[in-house]
Structure formats: C-alpha cells, structure tokens
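Residue-level listing of the chains:
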Amino acid sequence: MTYKPNIAICGISIESSTYTPYINQLEDFVIFKGNNLFVWYPFLQTKATLLKALNGKDLTNSSNLPNLSGEANWFGFTRARSIPGGAVDKAFYESIKLQIINDIKQYFIRSDQPLDGILLDIHGAMSVVGMTDAEGDLARAIRQQVDELSDNPVLISTTMDLHGNVTKQLLQSVDLLTCYRTAPHIDSQETKIRACYNLLNLIKDIRQGGKLPLKGYLSVPILLPGEKTSTRVEPAKAFYKRVTKIANMTGIIDCSLFMGYPWADQPRCQAYIIIIGYNKKLISQQAESLAQDYWQARDKFNFVGPAAELDKSIYTAIEQINNQHKPFFISDSGDNPTAGGTGDNTKVLHTLLNNSQFVNLLSQYKILYTQIWDELAAEKLAKYKVGQLVKIKFGAKYDKTAPPVELEGQLYSLLIPKTEELNTANYSDSAIPGGIEAVIKIDKLYIIISQKRKPYHNINDFAKLGLDIDKFDIVFVKIGYLEPQLYKAANNGQNWIMALTPGGVDQRITKLPRTKALPILYPITKITSQFDRQVKQALICQFIN
C-alpha cells in the first residue's frame, strides 16, 4: 500500500505598517481550525486535476501530476488571518503561536502516524509590537517543536506574499519557500498549490533516501512600494517572467523574488532573491545574475500608472470627465487598508467638503468616496431609516492626519448583515465582511462608512449598497494600484490616477522616518558611486542551512 504523507497547515498572515497607529488585536483576525481552514485551500478538498501551471508549466494532462487532495492526509491546525493594518499586539501573537505549538504537541499525543510536513501560510510583512522578525520567530518555534517531538524529518514549506521579507532566521527554519509572482496578486491560489506540490514531492524524495535541497539566499538593498513594482508593467513584468524561467531549470525547485515591505521601520525590509534546488553552481549563477540586473534596474521602476499630489489628481479627473471619460478613479493611496492603512484617514474627504478651491468646482460632478472606517458611526447610522436626514461625526479615531468629519446628509442606503454573513467560515479574499455599511448623500457626493475595516475592490462591494459605479463621474477608493475589477471599470486603467496622499502607507517612502533601516538602502539612502561598488561586491549568493 502506498504511503500517504501527513501534512498540517498553519500560520499567521497579515501585512502591517509600523507607521499606522492602529494596533491589530484578536478582533481584527479570523481564526481557522480544522476543516474550516480548508476554505482557503479548495484544491485540497476535491480530486479535480489542477487547472493551472506550476512554475508556469501546463501540467493539466501530466501523468505525474500529484492529486494533492488524494496523495496526502491534510490537517488543519491553527491559522489566523487579518486584512493589513498596524502592528500586531504581542500578547495576541504569542497566543496564536502557542496555539500552533499546542496543535503540534496534540498531534503527536493523539496520532500514531508521523507528521511529515507543515505548510506554513504567512505573509512576510507581519509587524509585532516590540519585534523585528515575527515570521522568523514563528518559524523557529515551529521548527524547534517538531524537531523535539518527531523521530523523522518534518519538512516545512512556506507560501508567502512577494511584498514580504525573508530573514536568515526564517530561511534557516524552513526547507522550502515560495511567493506570489504577480502584483496584483491574481496567483494566490497558484502559489499555495506550488508550495503544497513542492512539499509533497520533497517528502516523497526524502522517504526514498533523497537529500534536502540547498537554499540560495541573496539580499538586495532596494526597497520599493508595490505600486512601483507591479507586474502589469516593466521592468517587474520581465523580472517575474525570468523568475518563472529560473524555477523551471533542471536542478532547481523554485525561485522567488521578494520586493520587501516599505512601510515598516525594520532592518529586514528590503528585496530578496531565494533559489532552492540541488545545483549549487547554477543557483549561485542565477541568483547573482538576477540580483545584479535588479540593482542596475533600480531607477527604472516607476508607478504602475499616473501618480500625482491630490490637487493635481483632482484636476486630472475633471479634465478627463469633461472629455467624456468616466467613471474616473482616484486612489487615496496613503490610507490603503490592503497595504496597512487604517482606513479612517479623513484628509481627502476634508478636501472635498471644505477646501474652497474644490467645493464649487466639484459640485457639478457625481462623486463617490470609498470609504471611512468608523465602528461607532456605523452603529449609530444603523438606527436610522434610509431617506432620513442624519447628523454624524466620524473618522480620524486612529489616523490623526486630519480631524474627524462632521456633516449633515441623507442616509442613502444601509446594509445590516445577518449574523451568518459575519461567520468566519464565510470570510474570503473576495468577500471580506464590512459589518454595518452605510452611504451618506450630500448633494452629489456619496460617502461610504463601514463598521469594520474592509477593502472595496469588487463591483459587488458597491452594488450591494445600491451604487452603480458606472453612473459616477469620480470614484475615490482607498487603494494603491487598482485591483482587476476596478482596473477594468477604469477602462483598463486609462481612467485612473493614484493620488499621493498622507497616511500609514504613504507612497512617498523617502519621507517616512526610519531609525532601523539598513545603512545602504535605495532609494532611502543616497547611493554614491562608492556605495554602488560596495553593493555590487555584496551581491554574492549565500547558502543557508
């Protein structure tokens, strides 16, 4: 009888800015255990053949493609997940880490079967109060526990975001590592599949007497926001095609290029190249060549679309609308909740309501502002009926860039979710619950207020509130680059500009205060010709065991 490996899934996933004053705690996370966890891994629940390529190859009809759901026993341990925000409360982090460690202990107490592998599902940019390498700490704790309890090797494979960071501590604690290859992240499921596929294959190899692969590690002192490294445009587009090509080379298991996370004041925040495989010479050659080319291209990374200060962004929108191009989208990028912003920054809304330069100018246009997070304000609005006049004060509870907004308007629509709609089992990337959601209308300005922090990335996020975005002239969204549905609605990005606004994820990263950054880090540090030579000499592949 063919042996079926036993593989557990666990992790903590959040992208968190140290420049955002909000501290993420228990109520900000959804925690999955057991079978509930598999909502994130549908490919492990069915016997369907994988539909997409691993490492870019079409393996749909391949006879050697493993049936991931059938060739291993998969166990749901503890996985906590939150949309991005501020740093994580340390007590909460420690409690989740302890739950994962206890899950491991309980497995060895209750099961007479070995534990062969762990899929560690993390982001790579989790900040925890008082810590500078939270994911490395978690991976080390897991590694120490399985090494202590298991008589056989327990292999650990991580699945990560390309905006994460990879420290030596993290890489020393795991055997395999992979990350997204697209931004926006349309390959999140593919990445998880690849991590599982590589883990299952390595477990089989080790059981047949094979060796652990080499882990080539190279850090590149570049730190750029995701909006400048989107794979929609060059040069990032070409770099990630190259990553896929390297991953498919004989003797290499996987290749990952991490851009790093720019909104944390931590020494780990920079770019990384990780190549895992068995051909040491090939790994070194490819890692160093990729790193050197990436360094040389550092000045060629520009914003994925038009970007300007807020005032110019508004004027650009008006010009485009007058030329019959609508709806026109403006990204309030500094308070993007999917990068780590609070979602309660009111700076742009104050401009629309109170700046005499724009109030009269914009009065002729139908405008949607998405959105302000304010739990108490949303709960207060839930007591009114649609159509009633309301007086409300909201926003700026955490991000004090601008004061709260106080206004009178009509309650245009109200969404009060049913209890089951807030169930954590229903939580997914495409349907993050916002709790109570309300729309206030003041003349031609519509403002969304949500009880919970959530992104508005999909057409249904607006439609369920009775809002047809095609009927608006200008749509403000708290986001950086537009996600696919909004990108399409913006005439494939033609009717869009990214406003460089203040907040916890300000795109003007050179203006952010840093006390812990590396001494040489482009574009934070001024790179002289001497520094340039030092960097070139430092781009040497290391092997981490």
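Since we're looking at a predicted model, the values are computed, not measured.

*Asks:* Please set out the overall build of the chain residue by residue, giving values where relevant.
*Replies:* Of the regular secondary structure elements, the chain holds 13 helices and 21 strands. In summary, the chain has a C-alpha radius of gyration of 24 Å against a globular reference of 24 Å for 545 residues, a match within 12%. The proportion of buried residues among the 545 residues of the chain is 59%. Of all intrachain contacts in the chain linking residues separated by at least 6 positions in sequence, the fraction that spans at least 24 positions is 77%. For the chain, the centre of its 60 positive side-chain charges and the centre of its 53 negative side-chain charges are spaced 3 Å apart.

*Asks:* Give a description of the packing of helix H5 (residues 236-247) against helix H6 (residues 280-296) that names residues and reports values.
*Replies:* In contact at an axis separation of 12 Å, H5 and H6 are set at 180 degrees when each is read in the N-to-C sense. When the axes of H5 and H6 are compared, the pair comes out roughly antiparallel. Facing H5, whose interface residues are Phe239, Arg242, Val243 and Ile246, H6 presents Gln286, Ser289, Leu290, Asp293 and Tyr294. Of the residues that constitute the contact of H5 with H6, the class distribution is five nonpolar, two polar and two charged.

*Asks:* Kindly report on the packing of aromatic side chains, identifying the contributing residues and their values.
*Replies:* The full count for this structure, using the stated rule, is 19 aromatic pairs. Between Tyr22 and Trp373, the ring centres sit 5.3 Å apart and the planes meet at 80 degrees, which makes this aromatic pair edge-to-face. Taken together, the positions of Tyr22 in the loop between strand E2 (16-17) and strand E3 (30-33) and Trp373 in strand E14 (residues 367-373) put the pair 351 residues apart, joining distant regions of the chain. Taken as a pair, Tyr22 and Trp373 share a single burial class, namely buried. Measuring from centroid to centroid gives 6.2 Å for Phe239 and Phe301, while their planes differ by 20 degrees, and the two rings are stacked. With Phe239 in helix H5 and Phe301 in the loop between H6 and strand E12 (307-308), this residue pair connects regions lying 62 residues apart in the sequence. Note on Phe239: relative accessible area 7%, which makes it buried. Grouping aromatic residues by their ring pairs yields a cluster made of Phe75, Phe77, Tyr107 and Phe108. Above the ring of Trp40, the side-chain terminus of Arg79 is found at 5.1 Å from the ring centroid. Geometry around Trp295 places Arg298 over its ring, the cationic atom sitting 4.1 Å from the centre.

*Asks:* I'd like a rundown of the environment of Phe258, residues and numbers included.
*Replies:* Relative to the elements of secondary structure, Phe258 occurs in strand E10 (residues 252-258). Taking the C-alpha atoms as reference, Phe258 lies 26 Å from Gln144; in sequence the two are 114 residues apart. Residue contacts for Phe258: discarding those within four places in its chain leaves Met160, Asp161, Leu162, Gly164, Val166, Leu177, Cys179, Tyr240, Gln270, Ala271, Tyr272 and Ile274.

*Asks:* For the pattern of salt bridges, give the residues involved together with the corresponding values.
*Replies:* On inspection of all chains with the given rule, the structure shows 22 salt bridges. Residue Asp133 pairs with Arg268 through a salt bridge whose shortest N-O separation is 3.7 Å. With Asp133 in the loop between strand E6 (117-121) and helix H2 (134-149) and Arg268 in the loop between E10 and strand E11 (271-277), the pair connects residues that are 135 residues apart, well separated along the chain. Here Asp133 falls in the buried class, since its relative accessible area comes to 14%.

*Asks:* Can you tell me about the sheet that holds strand E17 (residues 437-442), naming the residues and giving the values?
*Replies:* What the nine strands build is an open sheet, ordered E12-E20-E13-E19-E14-E18-E17-E16-E15; its pairing is mixed. Both edges of this open sheet fall to E12 and strand E15 (389-394), since each of them pairs with a single strand only. Direction of pairing for E17 relative to strand E18 (residues 445-450): antiparallel, over a ladder of six bridges. Counted as the bridge partner of Ile440 is Ile447 from E18.

*Asks:* So, the sheet that holds E6: which residues are in play, and what are the values?
*Replies:* Consider a sheet: its strands pair through backbone hydrogen bonds, and that pairing is either parallel or antiparallel. Spatially, six strands are ordered E3-E4-E1-E6-E7-E8 in an open sheet, and the strand pairing comes out mixed. Each edge of the open sheet is held by one strand with a lone partner, namely E3 and strand E8 (176-179). On average, each strand axis in the sheet is tilted by 15 degrees relative to the strand beside it, whichever way the strands run. In terms of strand pairing, strand E1 (residues 6-13) meets E6 through four bridges, oriented parallel. Paired with Ala8 across the strands is Ile118, a residue of E6. Helix-sheet contacts for helix H1 (residues 90-110) involve E1, E3, strand E4 (73-81) and E6, and the interaxial angle to E4 is about 165 degrees.

The rules we used
- Residues numbered from 1 in each chain as written.
- Predicted model: local features only at pLDDT ≥ 70, side-chain atom pairs only at ≥ 80, totals over all residues.
- Heavy atoms only, no water.
- Helix = DSSP H or I, 4+ residues; strand = E, 2+ residues; numbered from the N terminus.
- Rg over C-alpha atoms; globule rule 2.2 N^0.38 Å.
- Buried < 20%, exposed > 50% of the residue type's maximum accessible area, 1.4 Å probe, protein only.
- Contact = heavy atoms within 4.5 Å.
- Lys, Arg positive; Asp, Glu negative; His and termini not counted.
- Charge placed at Lys NZ, Arg CZ, Asp CG, Glu CD.
- Axes fitted to C-alpha atoms, helices over the stretch in contact; angles between N-to-C directions.
- Parallel < 35°, antiparallel > 145°, perpendicular 65-115°, else oblique.
- Nonpolar A, V, L, I, M, F, W, Y, C, P; charged D, E, K, R; others polar.
- Phe/Tyr/Trp six-rings, centres within 6.5 Å; stacked < 30°, edge-to-face > 60°.
- Lys NZ or Arg CZ within 6 Å of the ring centre and 35° of its normal.
- Salt bridge = Lys/Arg side-chain N within 4 Å of Asp/Glu carboxyl O.
- Pairing = 2+ DSSP bridges.

So yeah, pure geometry; function would need other evidence.
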